[in-house]
Amino acid sequence: MTGHRSARPGNTPQPLPRPPRPGDPSRQPPQENRPKGGNGGGNQPRGGGGGRGGNNSQPSPWLGHPLDPTPNPGPTAGFVEYLRWMRAPLDAFKDGTKAELAHQVETRINFGARLKVLNERTQRIASNTFQVTCPWRIRVGGAKGPESMLLPAFDHLGIPYIPSSTLRGVARSQAIRELMRERNLSWEEADKAVAPWFGHLQAGEQDSAGKVIFLDAYPMPTRPQRREDPDNSKTGGLAVDIANNIWKWNGKSLDYSPNPNLFFSLKQATFLIGLRKGPGCTDQILAQVKEWLIQGLEQGVGSQVNTGYGRLIPLGKSLDKMPGEFLRLPFELEGQLIHGRQVANWNPGRNRYDNRPIAEVRPVAFKNMLRYWFRTFALGVLPVVQVQKWEGQLFGSITPEQKHGWIHVDLLNGKVSRPEPNQRREVAGQQEGILVLSFSSECQNYASPAEQEAMKRLFTNLTWMMFHLGGVGQGARRPCYSRQDRDRPPWWRGSTLIPKSESPFWELPGSVVEFQKLFQKRLGSFFEALKTLAQQAINPNSPQSFGRVDRDKWPEAVDANCKIVVCSGKEEFKKPYALAILHQLGRQGEGRYDKFLCGGVQGGVVPSPVWIANLDDYQVVTVFGATVDPRKSYLEQLRKNADDFGIIWPLR
């Protein structure tokens, strides 16, 4: 499917001329080759008008071409065909048409017949086969496509797969790590020690080549379609995904800059793995290599393996215990849900795209929230350089130094148990799942037992604090609250995380003062664990200041200028007490609020300096830059009108 299109009957094939460059009149196609109502180039709307008046027809996602101005790839076309006709990147509607084209790919393609042939071929060639399934998503290999869109690995026909070289690398790395532990070898020594199974250039002739042949692994066309997901029996799991790096280090300061980018991964795919005996391979060698491969796949394969991607579990195996697991917590989330991506919907009346978000339970959202709160607390007690070092060590980093990360975050049985309502009077949306925290393979191999124990205490207490400081997803800084008195959606705002554990560790006291003491106990355990990891003196009773505080400027850090309080009071307008006071003080007119208190988007996105979590009997309120108005006045008013009030941070 990657070659030229076949000529129509009666036509002599002609070379395809270069498409016109957007905005270059000298390269426009001849008039007779242009589609009616358009100019044949760039991203102009179908039906004329250029998207600027007329009937405001939807912009085309395709890059027009003189010989094929309105391409229509068949359902069996590989993704390469779609890339050949990607629309012009400089158009005003480029983000919307990019989302539309990606949605077409996952809903229109049909790899089913080809995947069946490929898996039958593997069954015939292999000496041993088995199936592995991905609990969430996986992205292996690949490259950057147009406009740096990340793509998974495709074979020469555009079919997603796991290359045999990747599988061999996973099994070999797992074997090296195991021999390092069992025989107390260095990596270099273990690399040579695996030669009897995988070969080595410096080994003797008998062990110079590997004994087992790895075959390319293709998805199985077996899973039925789920709501909001493409049909896996046709796509092999190929689905649109999104990455959004909201916070990034800029030297020793933090920049808030949401930057959502579409890419493709495989969602909940099942792969057929095939191994074949090579020269000199025995049944024992094949069995050992298969065992190493299974263990390596369970740790994760591909990119972002510590962020929920890439786990591959043998079909039928229980997920009761993940490798390196130390925390498992069932949860519910109510209100504004976690979203994975958006589907582009053209609104001709407004001459724009009104995108529809797709709810998805995403482990990356939980990992990012854990990362946020770790950084926020650490900035109050450690130098910035140390915070950057340990943030990268625990969660992974690319700059200033590439690190794999010691924590692995998974979500099991994630589902949207109640979609976000489309009509008034419906209950709030709900997601649920099981959060699982594990030591990554790097942590298991290189962190000392003392460091692993400190990590366990740090993340157990950090997770507890995350659940009681705010939510996850779009509405994370506000608790779930009703907007039924409005004349338009959304009918619910905010995000409330609810742990569903029966462990005494997660039980909450009934009074403000008891909760104040409990939170400070959890906070103290977190800092003790951080002190053990960093091997540096930490004094949370005398926090440092991270950055200057003004009316319009504050650092998002639990430092000397931050306050965390717990309070209770009268609910108003179906809003918990702390949120009602916030909106009363911040309101500046119909639909307008003081962005230096409540956050806002006018004149640039400003995240709210106030987090509120509603725990039914009381609310937990975190205020950054609390020493300057309007945040200072908000805290004073909160305390003045409260039925009960306690200060969690500063500790004294």
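Residues numbered from 1 in each chain as written. Predicted model: local features only at pLDDT ≥ 70, side-chain atom pairs only at ≥ 80, totals over all residues. Heavy atoms only, no water.

Read across the open sheet, the four strands follow the order E24-E25-E21-E26; overall the sheet is antiparallel. With partners counted over all chains shown, the strands left at the sheet margins are strand E24 (610–614) and strand E26 (644–649), one partner each. Taking the axes of each pair of neighbouring strands and ignoring which way they run, one obtains an average angle of 20° across the sheet. On the sheet, helix H14 (residues 577–586) packs against strand E21 (563–568), E24 and strand E25 (619–623) and is oriented at approximately 150° with respect to E24. (Pairing = 2+ DSSP bridges. Helix = DSSP H or I, 4+ residues; strand = E, 2+ residues; numbered from the N terminus. Axes fitted to C-alpha atoms, helices over the stretch in contact; angles between N-to-C directions. Contact = heavy atoms within 4.5 Å.)

Below, the discussion takes up the packing of aromatic side chains. Both the distance between ring centres and the angle between the ring planes are used here to describe each pair of aromatic rings. Counted under the stated rule, the structure contains 27 aromatic pairs. With a centroid separation of 5.0 Å and 80° between ring planes, the pair formed by Trp197 and Trp292 is classed as edge-to-face. Taken together, the positions of Trp197 in helix H6 (residues 195–198) and Trp292 in helix H8 (residues 283–299) put the pair 95 residues apart, joining distant regions of the chain. For Trp197, a relative accessible area of 18% puts it in the buried group. Aromatic pair Phe331 and Phe366: ring centres 4.8 Å apart, planes at 50°, arrangement tilted. Here the residue Phe331 occupies a position in strand E11 (residues 325–335), and Phe366 occupies one in helix H9 (residues 363–378), the gap between them amounting to 35 residues. For Phe366, a relative accessible area of 0% corresponds to the buried category. A network of ring pairs unites the aromatic residues Trp247, Tyr256, Tyr372, Trp373, Phe374, Phe377, Phe395, Phe459, Phe526, Phe527, Trp611 and Trp649 as a single cluster. The residue whose ring lies beneath Arg522 is Trp464, and the NZ or CZ to ring-centre distance is 5.2 Å. In this structure, Arg522 packs its charged tip against the face of Phe505, placed 4.0 Å from the ring centre. (Phe/Tyr/Trp six-rings, centres within 6.5 Å; stacked < 30°, edge-to-face > 60°. Buried < 20%, exposed > 50% of the residue type's maximum accessible area, 1.4 Å probe, protein only. Lys NZ or Arg CZ within 6 Å of the ring centre and 35° of its normal.)

This part covers the sheet that holds strand E2 (residues 137–138). As summarised here, the arrangement of the three strands in space is E2-E8-E5, forming an open sheet in which the pairing is antiparallel. If you trace the sheet from one side to the other, it starts and ends with E2 and strand E5 (238–244), each paired once. Sheet topology places E2 next to strand E8 (residues 260–267); two bridges connect them, and they run antiparallel. By the bridge assignment for E8, Arg137 is matched with Lys267. Of the strands in this sheet, E5 and E8 touch helix H2 (residues 94–108), which is tilted by about 145° from E5.

Looking at where Gln619 falls in the secondary structure, it is placed in strand E25. Polar contacts involving the side chain of Gln619 include one to the side chain of Asn614, which spans 3.4 Å. With near-sequence residues (within four places) excluded, Gln619 lies in contact with Val565, Val566, Cys567, Pro576, Tyr577, Ala578, Ile612, Ala613 and Asn614. (Polar contact = N/O pair within 3.5 Å; in protein donor to acceptor, adjacent residues only side chain to side chain.)

Further remarks concern the pairing of E21. Burial analysis of E21 places five of its six residues in the buried class, the great majority of the element. In terms of strand pairing, E21 meets E25 through five bridges, oriented antiparallel. Note that in E25 the partner of Val565 across the bridge is Val621. Here E21 runs beside E26; their pairing, made up of five bridges, is antiparallel. Counterpart to Ser568 in the pairing with E26 is Asp644.

As a further point, take the pattern of salt bridges. Tallied over the entire structure, the rule returns 18 salt bridges. A salt bridge links Arg477 to Glu556, with the shortest nitrogen-to-oxygen separation between them at 3.2 Å. Placement of Arg477 in the loop between helix H12 (449–467) and strand E18 (481–482) and of Glu556 in the loop between helix H13 (512–534) and E21 is noted, with a sequence separation of 79 residues between them. Owing to a relative accessible area of 15%, Arg477 belongs among the buried residues under this scheme. Look at Glu556 and you get buried, because its relative accessible area is 9%. One continuous salt-bridge network, built from bridges that share partners, spans Arg137, Asp241, Lys267, Glu360 and Arg362. (Salt bridge = Lys/Arg side-chain N within 4 Å of Asp/Glu carboxyl O.)

It is generally the case that most residues other than glycine have a negative phi and that most peptide bonds are trans. With omega at 10°, the peptide bond leading from Asp629 into Pro630 counts as cis. On the secondary structure map, Pro630 appears in the loop between E25 and helix H16 (631–641). In this structure, the amide linkage connecting Trp649 to the following residue, Pro650, adopts the cis form with an omega of 0°. Tracing the sequence through the fold places Pro650 in the segment after E26. Backbone geometry at Gln268 places phi at a positive 50°, although glycine is not the residue there. Mapped onto the secondary structure, Gln268 falls in the loop between E8 and strand E9 (270–277). Residue Gln268 is classed as buried on the basis of its relative accessible area, which comes to 15%. The phi angle at Phe573 is positive, at roughly 55°, despite the residue not being glycine.

Glancing now at the environment of Thr282. Tracing the sequence through the fold places Thr282 in the loop between E9 and H8. Of note is the side chain of Thr282, whose polar atom sits 3.1 Å from the backbone nitrogen of Ile285.

Along the chain, the position of Gly470 falls in the loop between H12 and E18. Classification of Gly470 by relative accessible area gives buried; the value is 3%. In this structure Gly470 touches Ala476, Ser495, Leu497, Trp611 and Ala613, once residues within four positions along its chain are discounted.

Here H8 spans 25 Å end to end across 17 residues, near enough to the 24 Å set by a 1.5 Å rise per residue. Of the residues flanking the end of H8, it is Gly300, one or two places downstream, whose phi is positive at about 125°. (Expected span 1.5 Å × (residues − 1).)

This part is about the confidence of the model for the protein. Averaged over all residues, the pLDDT of the protein equals 86, while 87% of them reach at least 70. This model gives residues 1–54 a pLDDT under 50, and the stretch forms 89 contacts once residues within four places in sequence are excluded. (pLDDT = per-residue confidence, 0-100.)

Below, the discussion takes up the packing of H12 against H13. Orientation of H12 relative to H13, taken along the N-to-C sense of each, is 150°, at an axis distance of 8 Å. Judged by the angle between their axes, H12 and H13 are roughly antiparallel. Crossing handedness for the pair H12 and H13: left-handed. Contacts from Glu451, Ala454, Met455, Arg457, Leu458, Asn461, Leu462, Trp464 and Met465 of H12 reach H13 at Phe515, Leu518, Phe519, Arg522, Leu523, Ser525, Phe526, Glu528, Ala529, Leu530, Thr532 and Leu533. Considering only residue class, the contact of H12 with H13 consists of 14 nonpolar, three polar and four charged. (Parallel < 35°, antiparallel > 145°, perpendicular 65-115°, else oblique. Left-handed = near helix turned anticlockwise from the far one by under 90°. Nonpolar A, V, L, I, M, F, W, Y, C, P; charged D, E, K, R; others polar.)

This paragraph deals with the nonpolar core. Judged by nonpolar contacts, the single largest core of 79 residues is most densely connected at Phe366, Trp373, Phe374, Phe377, Phe459 and Leu530. Discounting residues that sit within four places of it in the chain, Leu530 has contacts with Phe374, Ala378, Val381, Leu382, Leu458 and Ile538. Formed by 57 residues, the second largest nonpolar core is a distinct cluster that contains Ala99, Leu167, Ala171 and Leu266. (Core = buried A, V, L, I, M, F, W, Y, C linked by side-chain atoms within 4.5 Å.)

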